[in-house]
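# Summary of the model geometry
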2 protein chains.
Amino acid sequence: MKAFQSYKNPSLAVDLVVFGYHNNILSVLLLNRKEEPFKDTWVLPGAFVQMEETFLHTCCRVLQTKLGMDNVYLEQLYSFDAIERDPRGRAVSVAYFALVNPQKFTVTAGQMANDVKWFPVKKLPVLGFDHKEIFKMARQRLQSKILYAPVSFELLDDLFTMTELHELYECILEVELDRRNFRRKILDAEYIVNTGTKREGLQNRHPDLYRFNRKLSKHHFHLNIATN
Amino acid sequence: MKAFQSYKNPSLAVDLVVFGYHNNILSVLLLNRKEEPFKDTWVLPGAFVQMEETFLHTCCRVLQTKLGMDNVYLEQLYSFDAIERDPRGRAVSVAYFALVNPQKFTVTAGQMANDVKWFPVKKLPVLGFDHKEIFKMARQRLQSKILYAPVSFELLDDLFTMTELHELYECILEVELDRRNFRRKILDAEYIVNTGTKREGLQNRHPDLYRFNRKLSKHHFHLNIATN
DNA sequence: GCAAAAGTGTTACCCATACACCCATGA
DNA sequence: TCATGGGTGTATGGGTAACACTTTTGC
């Protein structure tokens, strides 16, 4: 057995679709490029995969050094391979999506970028490379994933009200959901736990605070959402 | 803007999980390796991605040259990146799965392999590399995909009976499904079309022959299968 | 007390399930 | 005419959607 020759291989990069949610708005984190190609254009954060690191490691490197984030939910999305997707040469990109609570981090532009900013998914600028396509797929994946897997809490504070969770689902799915039926479904699924405490300081009745049920029974949870 | 330097990049390969179905048995196509590493061991068919080709192109190359197949259903599965997955050095693999009607092709071992064979998914040999892991994920993906997308017909002849389709679903999902309820669901979904012809030459009543509905209405089809 | 939001309960209906029954064919 | 598999129909019940009502808070 011989080791691999120094065959030429496509460049291998990781690109991240980082979702954040705040004030009833779903946003994505974008970088403004400092260099060609796509100078001064917004793109998804990313980096080349080093010889000795896994994709997840590359993701964390990007999150830490470029965005100052750590300990976020990450999931592989898809690998993009169009021949001409990068004008510098053949480059394959493995896309990941991340779910973040933007409250927990303050993003600042690293050396490589002019700027880093949250953009509401409804008001995206033109994106460089094929990043629009990557974003679209990530958005779809999030919409379906939230129906059968407990990922939504990654976007919220540790404690949250039923209304906040409800609004999050409506925002991501882009549909109206009956408040009371939503509540029952979520509770029946043992998705979340009532902490007994209440959120104070607001007008009106103080809502119960919930926390996600870490030891969620594995029995296939599926939110049977009516798309009205 | 400068082109990519000759940085060293991980090797990039495509591996294929080719599913075939016949006689109520779901099988996977495996190669027996002629060389180290994993000499004389069964593995998934695959190839390295050339600089100027897309993943799909690599897939087709493998299917044609190594297996003598063309025009099969292909879908990207996942990218595998464990550092030590290939003893020859760092190699990333983009896995695809394929759905094939084995009746349509006769597989013969190419130059690179000792042998090529269909293995029932219930009787798999030990697999080289991390191919067991890849296979498992493909199997799961097929199980879920068949519930919400019209892919099952890729495994059948153009014309088929309701019973044949029914048995296919039971085989893939590994559950028993009520014959009559299955029929109604499939028909309500306008999933298939009755051709008006019947399969003859059998004992008993001659069953209707169906064909898949190519112009399947896009309205989100979902087979609500009871897992009893 | 009023408005607004949050918590709880109820009804009606749809649809999936679990069946029974009839039909066609070969032996 | 009998056994076997294939086609068609139906009743029941569980669960979802669409509701109304009560409770709590700030002003």
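Residues numbered from 1 in each chain as written. Chains lettered and ligands numbered in written order. Predicted model: local features only at pLDDT ≥ 70, side-chain atom pairs only at ≥ 80, totals over all residues. Heavy atoms only, no water.

## Some thoughts on the interface of chain A and chain B
Selection criterion: Between two residues, a contact is recorded if the distance between any of their heavy atoms is within 4.5 Å. Simply put, the buried area is the total loss of 1.4 Å probe accessible area from both parts when two parts are fitted together. Put simply, a salt bridge is a Lys or Arg side-chain nitrogen that is within 4 Å of an Asp or Glu carboxyl oxygen. Think of a polar contact as two N or O atoms within 3.5 Å of one another; within protein, one of them needs to be a possible hydrogen donor and the other a possible acceptor, and neighboring residues in sequence only count if both atoms come from side chains. In this text, helices come from DSSP runs of H or I with a minimum length of four residues, and strands from runs of E with a minimum of two, each type numbered from the N-terminal end. Classification convention: Asp, Glu, Lys, Arg as charged; Ala, Val, Leu, Ile, Met, Phe, Trp, Tyr, Cys, Pro as nonpolar; all other residues, Gly among them, as polar.
Contacts between chain A and chain B engage 32 residues on the former and 32 residues on the latter. Carbon and sulfur atoms make up 64% of the area that chain A and chain B hide from each other, which totals about 3100 Å². Summed over the shared surface of chain A and chain B, the result is 0 salt bridges. Summed over the shared surface of chain A and chain B, the result is 11 residue pairs in polar contact (both at pLDDT 80 or more). Counting residues per element, the ones that place at least two in the side of chain A that touches chain B are strand 1 (11–22), helix 1 (55–66), strand 5 (73–80) and strand 6 (91–100) of chain A. With 3 residues, strand 5 of chain A is the largest single contributor of residues to the side of chain A that touches chain B. Its residues assigned to classes, the side of chain A that touches chain B shows 16 nonpolar, 7 polar and 9 charged.

## Notes on the pattern of salt bridges
Applied cut-off: Only protein chains enter the area calculation, which uses a 1.4 Å probe; residues under 20% of their type maximum are buried, those over 50% are exposed, and those in between are partly exposed.
Scanning the entire structure with this criterion turns up 24 salt bridges over all chains. With a shortest N-O distance of 2.3 Å, Glu164 of chain B and Arg199 of chain B are connected by a salt bridge. Of this pair, Glu164 of chain B sits in helix 3 (residues 162–173) while Arg199 of chain B sits in the loop between strand 9 (192–198) and strand 10 (208–212); the two residues are 35 residues apart in sequence, bridging distant segments of the chain. By relative accessible area, which is 24% here, Arg199 of chain B ends up partly exposed. Arg180 of chain B is paired through a salt bridge with Asp178 of chain B; the nearest N and O atoms lie 3.2 Å apart. Of the residues examined, Asp178 of chain B reaches a relative accessible area of 33% and is grouped as partly exposed. A cluster of three or more residues bridged by salt bridges with shared partners is formed by Asp15, Arg85 and Asp130 of chain A.

## Quick notes on the UniProt feature "domain: Nudix hydrolase" (unreviewed entry) in chain A
Note the cut-off: UniProt positions are given in the numbering used here, feature names are shortened, and annotations may be inferred rather than shown by experiment.
The feature "domain: Nudix hydrolase" (unreviewed entry), as annotated in UniProt, sits at residues 12–132 of chain A in this numbering. Helix makes up 12% of residues 12–132 of chain A and strand 42%, and the two end C-alpha atoms of the span are 19 Å apart.

## Let's talk about the environment of Ser152 of chain B
All names here are of chain B. Positionally, Ser152 belongs in the loop between helix 2 (131–148) and strand 8 (160–161). Here the alpha-carbon distance between Ser152 and Tyr21, two residues 131 residues apart in the chain, equals 9.8 Å. For Ser152, the residues in contact, after removing those within four places along its chain, are Ile146, Leu165, Leu168, Tyr169, Tyr191 and Phe212. Looking at Ser152, its side chain comes within polar contact range of the side chain of Tyr169, at 3.2 Å.

## As for the UniProt feature "domain: NrtR DNA-binding winged helix" (unreviewed entry) in chain A
As recorded in UniProt, the sites labelled "domain: NrtR DNA-binding winged helix" (unreviewed entry) are residues 153–212 of chain A. Along residues 153–212 of chain A the backbone is 37% helical and 20% strand, and the end-to-end C-alpha distance reaches 7 Å.

## Quick look at the side chain of Asp15 of chain B
All names here are of chain B. Mapped onto the secondary structure, Asp15 falls in strand 1 (residues 11–22). Within polar-contact distance, the side chain of Asp15 engages the side chain of Ser93 at 2.7 Å. Engagement of the side chain of Asp15 in a polar contact is seen with the side chain of His131, the distance being 3.5 Å. Aside from chain neighbours lying at most four places away, what touches Asp15 is Leu44, Pro45, Gly46, Arg85, Ser93, Val94, Ala95, Tyr96, His131 and Ile134.

## Observations concerning the relation of the copies chain A and chain B
Stated precisely, the cut-off is as follows: Least squares is the method for superposing the copies, and the C-alpha atoms it fits come from residues with pLDDT of at least 70 in both.
Expressed as a screw operation, the relation of chain A to chain B combines 0.0 Å of axial shift with a rotation of 180°, fitting to an RMSD of 0.1 Å. Given the turn and translation reported, the copies of this chain are related as if by a two-fold rotation axis. For chain A, the residue whose C-alpha comes nearest the rotation axis is Asn9 of chain A, separated from it by 3.0 Å. Most of the interface of chain A is mirrored in chain B: 100% of its interface residues are interface residues there too.

## Brief notes about the pairing of strand 2 (residues 25–33) of chain B
The two faces of the sheet receive side chains in turn, since in a regular strand these alternate between them. Residues and elements named next belong to chain B. Convention followed: Strand pairing follows a simple DSSP-based rule, namely that at least 2 bridges must link the two strands.
Of all 9 residues that make up strand 2, 8 are buried, and the element is covered over most of its length. Judged from the 4 bridges that link them, strand 1 and strand 2 form a sheet pairing that is antiparallel. The residue of strand 2 that forms the bridge with His22 is Ile25. The hairpin formed by strand 1 and strand 2 contains 2 residues between the paired strands, and Asn23 there has a positive phi angle of roughly 55°.

## Some details on the domain arrangement of chain A
All names here are of chain A. Stated precisely, the cut-off is as follows: An automatic or database domain assignment supplies the residue ranges for each domain.
What the domain assignment lists for chain A is domain 1 (11–148) and domain 2 (159–212). Using only C-alpha atoms to locate each centre, domain 1 and domain 2 end up separated by 29 Å. Every contact between the two is made by 10 residues of domain 1 and, on the other side, 9 residues of domain 2. Of the roughly 880 Å² buried where domain 1 meets domain 2, counting both sides, 63% is carbon and sulfur surface.

## A word on helix 4 (residues 179–188) of chain A
Among the residues of helix 4 of chain A, the N-terminal cap falls to Asp178 of chain A, whose side-chain oxygen and the backbone nitrogen of Arg180 of chain A are separated by 3.0 Å. Glu190 of chain A, located one to two residues past helix 4 of chain A, shows a positive phi value of around 55°.

## Quick notes on the nonpolar core
Put simply, the test is: Buried residues of nine kinds, namely Ala, Val, Leu, Ile, Met, Phe, Trp, Tyr and Cys, make up a nonpolar core once their side-chain atoms join them within 4.5 Å.
Core analysis: the biggest nonpolar cluster contains 54 residues, and Leu16, Val18 and Met69 of chain A together with Leu16, Val18 and Met69 of chain B have the highest contact counts within it. When neighbours within four sequence positions are excluded, Met69 of chain B is seen to be in contact with Val18, Leu29, Leu63, Gln64, Val100, Phe105, Val107 and Trp118 of chain B.

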